[in-house]
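# Analysis of the macromolecular model
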Amino acid sequence: MPESMSFNRALVEKYDRPGPRYTSYPTAPQFHGAFAADDYRAAAQRSNHRGTESAAKPLSVYIHIPFCKSLCYYCACNKIITQKTHRAVEYLDYLKREIAMQAELFDGTRKLTQLHLGGGTPTYLTSEQLGEVMDSLREHFNLDESDDHEFSIEVDPRTISRERIAELRAQGFNRLSFGVQDFDEQVQQAVNRVQSEQQVFDLVAAARAAKFKSVSVDLIYGLPLQTVASFDTTLGKIIALRPDRIAAYSYAHLPERVRAQRLIRREDMPPPERKLELLELTIQRLTAAGYVYIGMDHFALPDDELTVARSNGTLQRNFQGYSTHADCDLIALGVSSISKVGDTYGQNVKELSQYYARINEGLLPVHKGYRLTDDDRLRREVISALMCHGRVDYAPLEERHGIRFGEYFEGALRQLQEQVGDGLIELHDDALVLLPQGQLMMRSVAMAFDAYLGGAQQERFSRTI
């Protein structure tokens, strides 16, 4: 394994505790109903004014498309399973109205440089419907029309053709993420997501022919009926496919919380030690094939933008995972989506009926959120530095926040002595440094700086590995 990555089975098992993924800090359990649409509007106004001090801060947009034609048993996302495509027509009408309402809040000089469509299944929408969404964005926002933008869409290979791939490129998308999960037929049947490997290979070839700047593939380890041998076969096929990025997610089996997962037979679930074997296999195969470990679940080719950003210190992290773009204000559209504007987070209502009702009343569908305190902003910087760069340099934080790092975080640093002893991190006079052996346990290190984690709170999260 390369210097930046190390796998120690005993330590991985020891630190495999429930904890946040830190796509935000504070995390979603801290959001509350006292933060509402008026607070969100005020945050947008403050954000506009901050941009006038220098260059206007760019914008990022996330759009949630909740519909799927069939149920994947492992999925814990907010989704609506329906074959009734007219429901998407109604949703699009409200989504376009929300686009217009949100755009009014942000200064027109601010360029929209980043766009991500997630779900559900974004490709549940027809090409024409997706064109309507893009036209509405162009009408109301100042879109960056150069190919330097980062416009990405999640693709279910079962819902799309080679021709549609070319249409997505023509509509302005330059990054694709294919949901593969596993090529093994028995595993696919066990989670109700059957797709042929030829479908995926053909679509990736089409994406390359259409000159997409980045092609990503999602895998999941720990699914029912997975074995080391079967997943090794899947990894071999993915490596042969050579996507620019690979996300290998740990499956969190929580049937008591996720109704769909109750459809998975208990006897088909692999034993806990199998997940560690699958993780070790994934790391060995991908790094041996030349992929660079970015952080968390993400791997990328050496010349990929994420790898370059990780090397030069410009890597970012938000609700969509790792990103190369500067820290943008993130405007989230559609049911359940989460915005990050200035020093606030705001989440839209989760039910379609509530979403429609609010927009019919001319109200933003934000129903809860959070405004960061000075302490939150400091801790967010610490956690972000750790997750993106693998080190926390004290001096810049001390200067920006008027603190002495060792004194302010005395408790956290004392708590981390166990990780120091286990060789996960080093604590220097001027920096905290994540060691190769600690890369996989970065979430457990970050948790020491989380002011909100208690026993019951911690159990709300999936395990860290």
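It should be noted that the structure appears before, not after, this text.
Residues numbered from 1 in each chain as written. Predicted model: local features only at pLDDT ≥ 70, side-chain atom pairs only at ≥ 80, totals over all residues. Heavy atoms only, no water.

Bringing the pattern of salt bridges into the picture now. This structure, assessed with the given rule, holds 30 salt bridges. Between Glu418 and Lys14 there is a salt bridge, with its nearest N and O atoms 3.0 Å apart. Within this pair, whereas Glu418 is found in helix α16 (residues 417-421), its partner Lys14 is found in helix α1 (residues 9-14), the two being separated by 404 residues in sequence. A residue is classified by how much of its surface remains accessible, and Glu418, at 39% relative accessible area, is partly exposed. (Salt bridge = Lys/Arg side-chain N within 4 Å of Asp/Glu carboxyl O. Helix = DSSP H or I, 4+ residues; strand = E, 2+ residues; numbered from the N terminus. Buried < 20%, exposed > 50% of the residue type's maximum accessible area, 1.4 Å probe, protein only.)

What follows covers the layout of surface pockets. In this structure, the second largest pocket encloses a volume near 830 Å³. If you go around the second largest pocket, you meet 33 residues; those closest to its centre are Gln316, Asp327, Arg380, Glu381 and Ser384. With 8 residues, the single largest contributor to the lining of the second largest pocket is helix α12 (residues 374-389). Classifying every residue of the lining of the second largest pocket by side-chain character gives 11 nonpolar, 10 polar and 12 charged. (1 Å grid on protein atoms, 1.4 Å probe; cavity = no way out; pocket = protein on both sides within 12 Å on 5 of 7 lines; lining within 4 Å. Points joined across faces, edges and corners; volume = space filled by probe spheres on them. Nonpolar A, V, L, I, M, F, W, Y, C, P; charged D, E, K, R; others polar.)

The packing of two helices is summarised by the inter-axis angle and the distance between the axes. The N-to-C vectors of helix α3 (residues 86-103) and helix α11 (residues 352-360) enclose an angle of 45°; their axes lie 10 Å apart at closest approach. With respect to α11, the axis of α3 lies oblique. The interaxial crossing formed by α3 with α11 has left-handed handedness. Across the interface between the two elements, Arg87, Glu90, Tyr91, Tyr94, Leu95, Arg97, Glu98 and Met101 from α3 touch Leu352, Tyr355, Tyr356, Ile359 and Asn360 from α11. (Axes fitted to C-alpha atoms, helices over the stretch in contact; angles between N-to-C directions. Parallel < 35°, antiparallel > 145°, perpendicular 65-115°, else oblique. Left-handed = near helix turned anticlockwise from the far one by under 90°. Contact = heavy atoms within 4.5 Å.)

Ile63, Leu95, Leu115, Leu137, Phe173 and Phe449 are the most contacted members of the largest nonpolar core, which totals 123 residues. Considering each element in turn, this core owes the most residues, 8 residues, to α3. In this structure, Phe449 is in contact with Tyr25, Arg379, Val382, Ile383, Phe405, Phe409, Ala412, Leu413, Leu416 and Leu432, ignoring residues within four places of it in sequence. The next biggest cluster of nonpolar side chains, apart from the first, holds 11 residues, and it includes Tyr74, Ile220, Leu223 and Ile264. (Core = buried A, V, L, I, M, F, W, Y, C linked by side-chain atoms within 4.5 Å.)

So, on to helix α5 (residues 162-170). Those residues of α5 not exposed but buried are Arg164, Ile165, Leu168 and Arg169. Projected down its long axis, α5 carries its buried residues within an arc of 150°, all on one side. Among the exposed residues of α5, those oriented more than 90 degrees off its buried face are Glu163 and Ala170. Looking at the buried positions of α5, the neighbouring elements they touch are α4 (127-140), β6 (150-155), β7 (175-181) and α7 (197-209). Positive phi appears at Gly172, one or two residues downstream of α5, with a value of about 115°. (Arc of directions from axis to C-beta.)

Here we take up the sheet that holds strand β20 (residues 431-434). Read from one edge to the other, the open sheet built from 3 strands follows the order β18-β20-β19, with strand pairing classed as antiparallel. Looking along the sheet, the strands with just one partner apiece sit at the ends: β18 (391-393) and β19 (425-427). The sheet shows a mean angle of 10° between the axes of neighbouring strands, direction not considered. Helix-sheet contacts for α12 involve β18 and β20, and the interaxial angle to β18 is about 135°. On the sheet, helix α13 (residues 394-401) packs against β18, β19 and β20 and is oriented at approximately 50° with respect to β18. (Pairing = 2+ DSSP bridges.)

Moving on: α7. An ideal rise of 1.5 Å per residue puts 18 Å on 13 residues; α7 measures up with 18 Å between its terminal C-alpha atoms. For α7, every residue scored as buried is listed here: Val200, Leu203, Val204, Ala206 and Ala207. For α7, the buried positions fall inside an angular range of 160° around the axis, keeping them on one side. Once α7 finishes, Lys211 follows within two positions and takes phi at roughly 65°, a positive value. (Expected span 1.5 Å × (residues − 1).)

With that out of the way, let us pick up the environment of His64. Position of His64 among the secondary structure elements: in strand β1 (residues 59-65). With 58 residues separating them along the chain, His64 and Pro122 place their C-alpha atoms 7.7 Å apart. Leaving out residues up to four positions away in the same chain, His64 has contacts with Asn78, Tyr91, Gly118, Gly119, Gly120, Leu333, Gly334, Val335, Ser336 and Ser337. Of the polar contacts made by the side chain of His64, one reaches the side chain of Tyr62; its length is 2.9 Å. (Polar contact = N/O pair within 3.5 Å; in protein donor to acceptor, adjacent residues only side chain to side chain.)

Right, let's talk about unusual backbone geometry for a bit. Of note, the bond from Tyr25 into Pro26 is cis; its omega dihedral lies within 30 degrees of zero at -10°. In this structure, Gly120 follows Gly119 across a cis peptide bond, with omega equal to 25°. Mapped onto the secondary structure, Gly120 falls in the loop between β4 (111-119) and α4. In this structure, Met296 is a non-glycine residue whose phi angle is positive, near 55°. Of note, Met296 is situated in the loop between β10 (292-295) and β11 (298-300). Backbone geometry places Ser336, a non-glycine residue, at a positive phi of 70°.

Here the focus is the pairing of strand β16 (residues 344-348). Within β16, 5 of the 5 residues are buried, which leaves the element mostly enclosed by the surrounding structure. Summarising the sheet, strand β15 (residues 338-341) and β16 pair through 4 bridges and their orientation is antiparallel. Bridged to Val341 within β16 is Thr344. Connecting β15 to the antiparallel partner β16 that follows it, the hairpin turn spans 2 residues, and Gly342 within it adopts a positive phi of roughly 60°.

Right, let's get into the packing of aromatic side chains. For any pair of aromatic rings, the description rests on two quantities: the centre-to-centre distance and the angle between the ring planes. Under the definition given, this model contains 14 aromatic pairs. Measuring from centroid to centroid gives 4.1 Å for Tyr94 and Tyr356, while their planes differ by 20°, and the two rings are stacked. Placement of Tyr94 in helix α3 and of Tyr356 in helix α11 is noted, with a sequence separation of 262 residues between them. The pair formed by Tyr94 and Tyr356 is uniform in burial state, with each residue classed as buried. Their ring planes at 55° and their centres at 6.3 Å tell us that Phe405 and Phe449 sit as a pair that is tilted. Taken together, the residues Phe405 in helix α14 (residues 405-408) and Phe449 in the loop between α17 (442-446) and α18 (455-458) connect sequence positions 44 residues apart. In this structure Phe405 comes out as buried when scored by relative accessible area, which is 0%. If you follow Lys69 out to its NZ or CZ, it ends over the ring of Tyr124, 5.8 Å from the centre. Above the plane of the ring of Phe212 lies Arg169, whose end atom (NZ or CZ) is 5.6 Å from the centre. (Phe/Tyr/Trp six-rings, centres within 6.5 Å; stacked < 30°, edge-to-face > 60°. Lys NZ or Arg CZ within 6 Å of the ring centre and 35° of its normal.)

Treat this as a map of the structure, not an account of what it does.
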